[in-house]
Amino acid sequence: MAEERVLDLPEDFETFPEARKKAFLSMKELKEQGRRIVGVFCTYTPWELIEAADAVAVNLCGIGDDNAQLGERDLPQNLCPLVKASYGGAANDRCPFFYFADMVLAETTCDGKKKMYELMGQLKHCHIMQLPPGRYGRGALEFWMKEVEDVRSDLEDFYGITITDDDIRRAIRLRNRERKAILDFYEIGKLKPTPITGYEINTVINANDFQFDLEEKIRYLENRTAELRQKYEEECKGKPSRPRILITGCPTQGVLDKVIKRVEELGADIVGFENCCGPREKKDPIDEELAETDPIRAISEKYLRVNCSVMSPNPGRLEAMQQMIEDYQVDGVVEVLLTACHTFAIESVSVRNFVKGLGIPYTSITTDYSPSDQAQIDTRLGAFIEML
Ligand code: SF4
Ligand code: SF4
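Note that the structure is a prediction, hence the values are computed from the model and not measured. (Residues numbered from 1 in each chain as written. Chains lettered and ligands numbered in written order. Predicted model: local features only at pLDDT ≥ 70, side-chain atom pairs only at ≥ 80, totals over all residues.)

It is worth spelling out the packing of helix H7 (residues 140–159) against helix H13 (residues 295–304) at this point. Close contact between H7 and H13 brings their axes to 9 Å; oriented N to C, the two are set at 115°. Along this stretch, H7 crosses H13, giving a crossing that reads as right-handed. When H7 is examined against H13, the residues Ala140, Leu141, Trp144, Met145, Val148 and Glu149 are found in contact with a partner set consisting of Ile296, Arg297, Ile299, Ser300, Glu301 and Leu304. Taken together, the residues of the contact of H7 with H13 break down into 8 nonpolar, 1 polar and 3 charged. (Axes fitted to C-alpha atoms, helices over the stretch in contact; angles between N-to-C directions. Helix = DSSP H or I, 4+ residues; strand = E, 2+ residues; numbered from the N terminus. Left-handed = near helix turned anticlockwise from the far one by under 90°. Contact = placed C-beta atoms within 7 Å. Nonpolar A, V, L, I, M, F, W, Y, C, P; charged D, E, K, R; others polar.)

This paragraph deals with the site of ligand 1. Neighbouring ligand 1 are Cys42, Thr43, Tyr44, Thr109, Cys110, Pro251, Cys276, Val306, Cys308 and Val310. The residue inventory of the shell around ligand 1, partitioned by class, reads 8 nonpolar, 2 polar and no charged. (Near = placed C-beta within 6 Å.)

Moving on, we get to the site of ligand 2. Close to ligand 2 lie 14 residues; Cys80, Leu82, Cys110, Cys250 and Cys341 are nearest. Contributing elements (two or more residues each) for the shell around ligand 2: helix H4 (81–91), helix H6 (111–120) and helix H15 (342–357).

Glancing now at the domain arrangement of the protein. In terms of domains, the protein is made up of domain 1 (16–168) and domain 2 (173–387). Here domain 1 and domain 2 have C-alpha centroids that lie 22 Å from each other. Contact with domain 1, which involves 38 residues of that partner, is made by 39 residues of domain 2. (Domains from an automatic or database assignment.)

Moving on to the sheet that holds strand E8 (residues 362–367). Across the sheet, 4 strands lie side by side as E6-E5-E7-E8; this open sheet has parallel pairing. Both edges of this open sheet fall to strand E6 (269–274) and E8, since each of them pairs with a single strand only. Neighbouring strand axes in the sheet, compared pairwise and without regard to direction, differ in orientation by 25° on average. One ladder, built from 5 bridges, connects strand E5 (residues 244–249) with E6; its direction is parallel. Its bridge partner lying in E6, Leu246 is registered against Gly272. Seen against the sheet, helix H16 (residues 374–387) touches strand E7 (332–338) and E8 and runs at an angle of roughly 170° to E8. (Pairing = 2+ DSSP bridges.)

Another point: the pairing of E5. Burial analysis of E5 places 6 of its 6 residues in the buried class, the great majority of the element. Alternating positions in E5 separate into two faces, Arg244, Leu246 and Thr248 on one and Ile245, Ile247 and Gly249 on the other, with burial throughout. After leaving E5, the chain enters helix H11 (residues 256–265) and then returns to the sheet as E6, a path that is right-handed. (Buried ≥ 20, exposed ≤ 12 C-beta atoms within 10 Å, placed from the backbone. Right-handed = clockwise from strand over helix to strand, strands pointing away.)

Bringing the sheet that holds strand E1 (residues 36–40) into the picture now. The 4 strands are arranged E2-E1-E3-E4 in an open sheet whose pairing can be described as parallel. Each of the sheet's edge strands pairs with one partner strand only, and the pair in question is strand E2 (55–59) and strand E4 (126–129). Ignoring which end each strand starts from, the neighbouring axes of this sheet average 25° apart. By the bridge criterion, 4 bridges tie strand E3 (residues 103–107) to E4 in an arrangement that is parallel. Bridge assignment links Val104 to a residue of E4, and that residue is Cys126.

Another point: the environment of Asn67. If you trace the backbone, Asn67 turns up in helix H3 (residues 65–71). Separated by 20 residues in sequence, Asn67 and Tyr87 place their C-alpha atoms 7.9 Å apart. When neighbours within four sequence positions are excluded, Asn67 is seen to be in contact with Gly62, Ala85, Gly88, Gly89 and Arg94.

Turning next to H6. Three- or four-residue spacings in an α-helix give side chains the same orientation, since the helix completes a turn every 3.6 residues. Buried within H6 we find Gly112, Lys113, Met116, Tyr117 and Met120. Viewed along the axis of H6, the buried residues span an arc of 130°, placing them on a single side of the element. Looking at the buried side of H6, the elements it contacts are H4, E3 and E4. (Arc of directions from axis to C-beta.)

In this section: H16. Over its 14 residues, H16 extends 20 Å from the first C-alpha to the last, a length consistent with the 20 Å expected when each residue adds 1.5 Å. All of the buried residues in H16 are Ile377, Leu381, Gly382, Phe384 and Ile385. The buried side chains of H16 occupy one side of the element, clustering within an arc of 165° when seen end-on. Exposed residues lying more than 90 degrees from the buried face of H16 are Ala375, Gln376, Thr379 and Met387. As for H16, its buried residues are in contact with H11, E7 and E8. (Expected span 1.5 Å × (residues − 1).)

Structural data, given as structure tokens:
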């Protein structure tokens, strides 16, 4: 069995649940100040339109086994824990972000989510964007552009405002700067040996989703990136590296302690995330030149390029994975599959074959938010890391 170690985390390190709790208070203050608040779930969300409406976007993706169990009061037990926890928290007044949100902007991604949104729509105004089933289908872009335009109209009607093209262009420029700051922070993982744990990378990015002042968020990430580059030069450069892991698959914010932290406590370094908790869409800014003539097209093209398994086919994900394996000098890939996530589970066959074809060891962990399978996960991860 691999030797366990305690993670090297900064003294002021805040766990994701702690950061969320703190963010409840800032959300309450924003609400009292009369700010507009829009709840979101997914990487396909055109955040720029929310920004252009002078509204704050807040991530509603649910975590916590207690919330998932509450979700089961209405939803089937055999459903992805992320869907159950998101609904369970919202429907039982356990998610202050949902409580404070004026409306929800969601997309028809996987079956579980899109049917759950119908129930959520009975609790609060939910604008559901119809996502085309594939990025390459005939008329897919034109269809999606209409959906994006509809979001703009709904925000205008809902808030009684006008969103101009200039408002959207300004939002695009700001969000592109935010993307760059997040991407630079993620890319610290390319350094060998890495000066930061993957657990901290993932936690910082997830927690910063709750920093509602985007200029402050950008400043924080730029400073932390510079500090880590300096730490690498002064303390890490030239030292031996532990096995370097790339995480792929479903979003991991609900299993941070259960999987992400354990990989590192069991002896490897997580250097990159090829999932929605990683640089997936950050690497791909909105085309600002195109936005000068057609901001809606620029936004639509960008979000249709997101490499998620809900799209069929989805070849961009494998291309992105190969690039990350090379850029981050990866020794092994761990795919995290949330129970009953059919699209990622089926796509994992192609991922496994592709990664093994590159000569890189691969393993997958299927889990949910309950702590009951921790020992099995540890055994599996320990054996995989020992083999690297
Ligand atoms: S994994 Fe797919 S459905 Fe889930 S948040 Fe990411 S893009 Fe959206
Ligand atoms: S992890 Fe899979 S099943 Fe769960 S919400 Fe995302 S795409 Fe849907």
